[in-house]
Amino acid sequence: MPESLDASTPCEAVRVPLGDRAYDIVIAEGLIDRLGTELASVLKRPKVFIVTDTRVAEAHLGRALAALDHANITAEVVVLPSGEATKSYGTFTELLDRLLGLGAERKDILVALGGGVIGDITGFAASVLRRGMDFVQVPTTLLAQVDSSVGGKTGINSPFGKNLIGAFHQPRKVIADLTALDTLSARELRAGYAEVVKYGLIDDLPFFEWLEKAGPAILAGDRAAQARAVAHSCAAKARIVGEDERETGDRRALLNLGHTFGHALEAECGYDGTLLHGEAVAIGMGMALDASVRLGLAPAADKTRYLAHLAHVGMKARAADIGRTFDIDKLIGHMAQDKKVDAGKLTFILGPIGGARIVQNPDLAAIRASLEDSLA
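All residue numbers refer to positions counted from 1 along the written sequence of the respective chain. Note on the predicted model: pLDDT of at least 70 is required for a residue's local features to be given, and 80 or more for side-chain atom pairs to be given and counted; whole-chain, interface and lining totals, by contrast, use all residues. Derived side-chain values reflect all non-hydrogen atoms in the structure, with water molecules and hydrogen atoms excluded from consideration.

### Points about the layout of surface pockets
Working step 1: A 1.4 Å probe that fits into a set of points on a 1 Å grid over the protein atoms alone but cannot get out defines a cavity; an open set with protein on both sides within 12 Å along at least five of seven lines defines a pocket, and lining residues are those with an atom within 4 Å of a point. Grid points are joined across faces, edges and corners, and a volume is the space filled by probe spheres set on the points. Taken as a whole, the second largest pocket encloses approximately 220 Å³ of empty space.
Working step 2: Asp20, Arg21, Gln170, Pro171 and Arg172 are, among the 13 residues lining the second largest pocket, the residues nearest its centre.
Working step 3: Per-class residue counts for the lining of the second largest pocket are five nonpolar, two polar and six charged. Charged residues are taken to be Asp, Glu, Lys and Arg, nonpolar residues to be Ala, Val, Leu, Ile, Met, Phe, Trp, Tyr, Cys and Pro, and polar residues to be all remaining types, Gly included.

### Comments concerning the pairing of strand β5 (residues 109-114)
Working step 1: Burial classification: accessible surface area is computed with a 1.4 Å probe over protein chains only, and a residue below 20% of its type maximum counts as buried, one above 50% as exposed, and the rest as partly exposed. Secondary structure elements follow DSSP: runs of H or I of four or more residues count as helices, runs of E of two or more count as strands, with numbering from the N terminus. When you tally the buried positions in β5, you get six out of six residues, the bulk of the element.
Working step 2: Burial along β5 is two-sided: the face carrying Ile109, Val111 and Leu113 and the face carrying Leu110, Ala112 and Gly114 are both buried.
Working step 3: The sheet contact formed by strand β3 (residues 47-53) and β5 spans four bridges and is parallel. Looking across to β5, one finds that Phe49 is bridged to Leu110. A strand pair is defined by DSSP finding two or more bridges across the two strands.

### Here we look at the sheet that holds strand β6 (residues 134-139)
Working step 1: Read across the open sheet, the seven strands follow the order β1-β2-β9-β6-β5-β3-β4; overall the sheet is mixed. This sheet does not close on itself; its edge strands, each paired only once, are β1 (14-16) and β4 (74-80). Within this sheet the neighbouring strands show an average axis-to-axis angle of 20 degrees, counted without direction.
Working step 2: Whether two residues are in contact is decided by their heavy atoms, any of which lying within 4.5 Å being enough. Axis lines are fitted to C-alpha atoms, over the contacting stretch for helices. Their N-to-C directions set the angle, which ranges from 0 to 180 degrees. Contacting β3, β4, β5 and β9 (173-177), helix α2 (residues 54-70) crosses the sheet at an angle of about 160 degrees to β3.
Working step 3: Running over the sheet, helix α3 (residues 89-101) touches β3, β4 and β5 and is turned about 160 degrees from β4.

### Describing the confidence of the model for the protein chain
Working step 1: The predictor attaches a confidence to each residue, called pLDDT, with possible values from 0 through 100. With 97% of its residues at a pLDDT of at least 70, the protein chain reaches an overall mean of 94.
Working step 2: Overall, residues 1-10 carries pLDDT values under 50, and its contacts beyond four positions in sequence, including any with other chains, amount to 16 contacts.

### Considerations on helix α7 (residues 205-220)
Working step 1: Look at α7: 23 Å from first C-alpha to last across 16 residues, which is about the 22 Å you get at 1.5 Å a residue.
Working step 2: Of all the bends in α7, the greatest reaches close to 60 degrees and is centred on Ala214; the proline Pro216 follows between one and four positions later.
Working step 3: Residues of α7 that are buried include every one of Phe207, Phe208, Trp210, Leu211, Ala214, Gly215, Ile218 and Leu219, and no others.
Working step 4: In this structure, the buried side of α7 is in contact with α6 (186-203), α8 (223-243) and α11 (300-312). By this rule, a helix spans an expected 1.5 Å times one less than how many residues it contains. Here the bend at each residue means the angle between axes fitted to two seven-residue stretches, the one ending at that residue and the one beginning there.

### Thoughts on the packing of helix α12 (residues 328-335) against helix α13 (residues 364-375)
Working step 1: Direction vectors running N to C along α12 and α13 enclose 125 degrees, while the axes themselves pass 11 Å from each other. Comparing their axes, α13 and α12 come out oblique. Along this stretch, α12 crosses α13, giving a crossing that reads as right-handed. Of α13, the residues touching α12 (which contributes Ile328, Asp329, Leu331, Ile332 and Met335) are Leu364, Ile367, Arg368, Leu371, Glu372 and Leu375.
Working step 2: Broken down by class, the residue content of the contact of α12 with α13 amounts to eight nonpolar, no polar and three charged. Roughly parallel means an angle under 35 degrees; roughly antiparallel means over 145; roughly perpendicular covers 65 to 115; every other angle is labelled oblique. By definition, turning the near helix anticlockwise from the far helix through less than a right angle yields a left-handed crossing, and turning it clockwise yields a right-handed one.

### Digging into the packing of aromatic side chains
Working step 1: Paired rings are identified among Phe, Tyr and Trp, the last through its six-membered ring, by centres lying within 6.5 Å, and are further divided according to the angle between planes into stacked (under 30 degrees), edge-to-face (over 60) and tilted (the rest). For the structure on display, the rule yields three aromatic pairs.
Working step 2: Taking 5.9 Å as the distance between ring centres and 15 degrees as the angle between the ring planes, the aromatic pair formed by Phe207 and Trp210 counts as stacked. Taken together, the residues span about one helical turn, with Phe207 and Trp210 both in helix α7 at a distance of three residues.
Working step 3: Residue class for Phe207 comes out buried when judged on its relative accessible area of 0%.
Working step 4: Considering the side-chain rings of Phe261 and Phe348, the 5.2 Å spacing of their centres and the 45 degrees angle between planes classify their relative orientation as tilted. Of this pair, Phe261 sits in helix α9 (residues 259-269) while Phe348 is found in strand β10 (residues 347-350), placing the two residues 87 residues apart along the sequence.
Working step 5: The class for Phe348 is buried, based on a relative accessible area of 2%.
Working step 6: Both a distance and an angle decide whether a charge sits over a ring: NZ of Lys or CZ of Arg must be within 6 Å of the ring centre and within 35 degrees of the ring normal. The ring of Tyr199 has Lys198 lying over it, and the distance from NZ or CZ to the ring centre is 5.1 Å.
Working step 7: Just above the ring of Phe326 sits the side chain of Arg324; from NZ or CZ to the centre is 5.2 Å.

Below you can see the structure in the form of structure tokens.
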């Protein structure tokens, strides 16, 4: 077992190695209650602009404001609606106008307090507001702590697909308070867990093997297991981002395992809450493994093993589990709008557990068969 998976190993900051834009991911309990102290090193003046949503505001905004007040830091707050539909053109322009109306200046810092939706839209706002502002991620969901808050991908959705409008804009710091996980529903925690599993499936079989044992403990709230899962996932993503920040090569694209399928499901659902992002990714990774088996890129046992693990931790494993019907041709149409499409070629991340690779224009019959199998 890798050292980082040893429960006795202390949880330390993870460094994202990007030269003069490098930053730390701090992972510990109670960080929101020490937010002023955590932000002090990146502030140019004692004022911040917090962007959050209605649900997170109820759970964590009071703590954050109290911590900032204790550190003599003034805060202006913008509260957006919760849910994936917030990542829209309309909400984005509203956010920009509200921040400008509150007096946000170029040297100020935006603080994204929330899950992946808030992190994505706040980071995108920071990338364009006054031609570029700094921002800090304070992720409050497991999915955001292990994935979306790290790496600088920001953006909003389009009617044509998910995350098609955005920019690469790295945060100054990521502050992951593990106590925030205690406020998540079981469904939200499982959705975030899908992105944890992804790191094992991509290129880390020992991590996947550990998750097969520790997964139930992570979802049951075992803090040591959660700390190890978050730290290991962040370290894995930090390495990949350091090697391929803007996804110009093959390395970072591997982080999209299952996402081509999953994004199509989300788009067809209209981002209406029927399917959480992590749930879509979990189902999409099952489809990717199924397609890998059909194309001779993975043994059949890999698909069986992965689906068994999802069942073991109580997660939806197939599109049929969503409880609605899908048109396969429409799903393939959404895939054609995926941001990984290159010169009109569909791009998928496929392969065995621990050995993912990029495959362009695979046999469409295999992709269609994988969709049909998951929908049956």
